[in-house]
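# What the coordinates show
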Amino acid sequence: MNIVILMGRTTKDIDLRYTAKSMPVARFTLAVDRPYTKQGEEKKTDFISCVAFGRLAENLEKYIRK
């Protein structure tokens, strides 16, 4: 299993939905600034689509706001 830790900002509130078997699924997008820039360039931001399942999805929807 791989683990990734991203620090960024949510672009909008978490979208929580449930599957046919009542499994919570949260979808959201994180805006993550690149830690480096070339001299004279503006900061660049990457937009990363994320999906969470189960209890984590419910907690994200409950506590995370734009």
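Model, not experiment: these values are computed from the prediction.

### What to know about the layout of surface pockets
Approximately 170 Å³ is the volume found for the largest pocket. If you go around the largest pocket, the residues you meet are Val 4, Leu 6, Leu 30 and Cys 50. A per-class count over the lining of the largest pocket returns 4 nonpolar, no polar and no charged.

### Examining unusual backbone geometry
Even without glycine at this site, Ser 22 takes up a positive phi of about 65°. With respect to the element layout, Ser 22 can be found in the loop between β2 (15-18) and β3 (24-33).

### Quick word on the nonpolar core
Generally speaking, a soluble globular protein has its nonpolar side chains buried in company with each other. Among the nonpolar cores identified, the biggest contains 9 residues, and these are Ile 14, Ala 26, Phe 28, Leu 30, Val 32, Cys 50, Ala 52, Ala 57 and Leu 60. Among the secondary structure elements, those contributing two or more residues to this core are β3, β4 (45-53) and α1 (54-63). Not counting chain neighbours up to four residues away, the residues in contact with Ala 52 comprise Pro 24, Val 25, Ala 26, Ala 57 and Leu 60.

### So, the pattern of salt bridges
For the coordinates displayed, the defined rule picks out 3 salt bridges. Here Asp 33 ties to Arg 9 by a salt bridge, and the two come within 3.3 Å at their closest N and O atoms. Here Asp 33 is found in strand β3, whereas its partner Arg 9 is found in strand β1 (residues 9-10), with 24 residues between them in sequence. The class of Asp 33 is partly exposed, set by a relative accessible area of 32%. Arg 9 gets classed as partly exposed once you look at its relative accessible area, which sits at 44%. Across the pair Arg 34 and Asp 46 runs a salt bridge whose closest N-O atoms are separated by 3.1 Å. Of this pair, Arg 34 sits in the loop between β3 and β4 while Asp 46 is found in strand β4, placing the two residues 12 residues apart along the sequence. By relative accessible area, Arg 34 is classed as partly exposed at 29%.

Conventions adopted
Residues numbered from 1 in each chain as written. Predicted model: local features only at pLDDT ≥ 70, side-chain atom pairs only at ≥ 80, totals over all residues. Heavy atoms only, no water. 1 Å grid on protein atoms, 1.4 Å probe; cavity = no way out; pocket = protein on both sides within 12 Å on 5 of 7 lines; lining within 4 Å. Points joined across faces, edges and corners; volume = space filled by probe spheres on them. Nonpolar A, V, L, I, M, F, W, Y, C, P; charged D, E, K, R; others polar. Helix = DSSP H or I, 4+ residues; strand = E, 2+ residues; numbered from the N terminus. Core = buried A, V, L, I, M, F, W, Y, C linked by side-chain atoms within 4.5 Å. Buried < 20%, exposed > 50% of the residue type's maximum accessible area, 1.4 Å probe, protein only. Contact = heavy atoms within 4.5 Å. Salt bridge = Lys/Arg side-chain N within 4 Å of Asp/Glu carboxyl O.

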